Amino acid sequence: MKKDVSDTVMDRLNIDRGVRDLIRQMWEHDCETKASCEGHGVKPAYVLLSQSGDGWFEKNAHLYGLRRALNGSCCESRVVGNVCGVCGAGIRGNSVYRGRIVQNPVAFESDVTEVSF
Ligand SMILES: [Zn+2]
């Protein structure tokens, strides 16, 4: 994936606005993402990760409100593309992270440290 992170590229790839900051960060860390969603109604946000790059996302996903869907005995029994058709966890070297997206958690933390009295 090229590191051109303009909104035009994001529009062309149909990347939801609610996950764009995260996806940009992931690409900066050489992650390869195959699909993502900002979450709609009761459906949580998710990111389908095929290459973890430098490992930044695994370490920081929880800051963005996302947790890795763990594989169970159901996985591989009903395959839908890169995910388990039963539980939705990533298979064949892919990982699915789900949750409620936290916007700019890292930026928020640095804002807090800059506050002075
Ligand atoms: Zn499964």
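See the structure printed just above.
Residues numbered from 1 in each chain as written. Predicted model: local features only at pLDDT ≥ 70, side-chain atom pairs only at ≥ 80, totals over all residues.

## Comments concerning the environment of Gly88
- Its place among the elements puts Gly88 in the loop between strand E5 (83–84) and strand E6 (95–99).
- Judged by the 15 C-beta atoms lying within 10 Å of it, Gly88 is partly exposed.
- With 19 residues separating them in the primary sequence, Gly88 and Ala69 have C-alpha atoms 7.5 Å apart.
- Setting aside residues no more than four positions away along its own chain, Gly88 makes contact with Ala69, Val83 and Val96. (Helix = DSSP H or I, 4+ residues; strand = E, 2+ residues; numbered from the N terminus. Buried ≥ 20, exposed ≤ 12 C-beta atoms within 10 Å, placed from the backbone. Contact = placed C-beta atoms within 7 Å.)

## A look at the sheet that holds strand E3 (residues 66–68)
- Strand order in the open sheet formed by four strands is E1-E2-E6-E3, with antiparallel pairing between adjacent strands. This sheet does not close on itself; its edge strands, each paired only once, are strand E1 (32–37) and E3. Taken pair by pair, the neighbouring strands of this sheet meet at an average axis angle of 25°, ignoring direction.
- Looking at chain direction, E1 and strand E2 (residues 45–51) are connected through five bridges and run antiparallel. (Pairing = 2+ DSSP bridges. Axes fitted to C-alpha atoms, helices over the stretch in contact; angles between N-to-C directions.)

## Considering the nonpolar core
- Ranked by internal contacts, the top residues of the largest apolar core, which has 21 residues, are Val19, Tyr46, Val47, Leu49, Leu66, Val96 and Tyr97.
- Tallying contributions element by element places E2 first for this core, with five residues. (Core = buried A, V, L, I, M, F, W, Y, C linked by C-beta atoms within 7 Å.)

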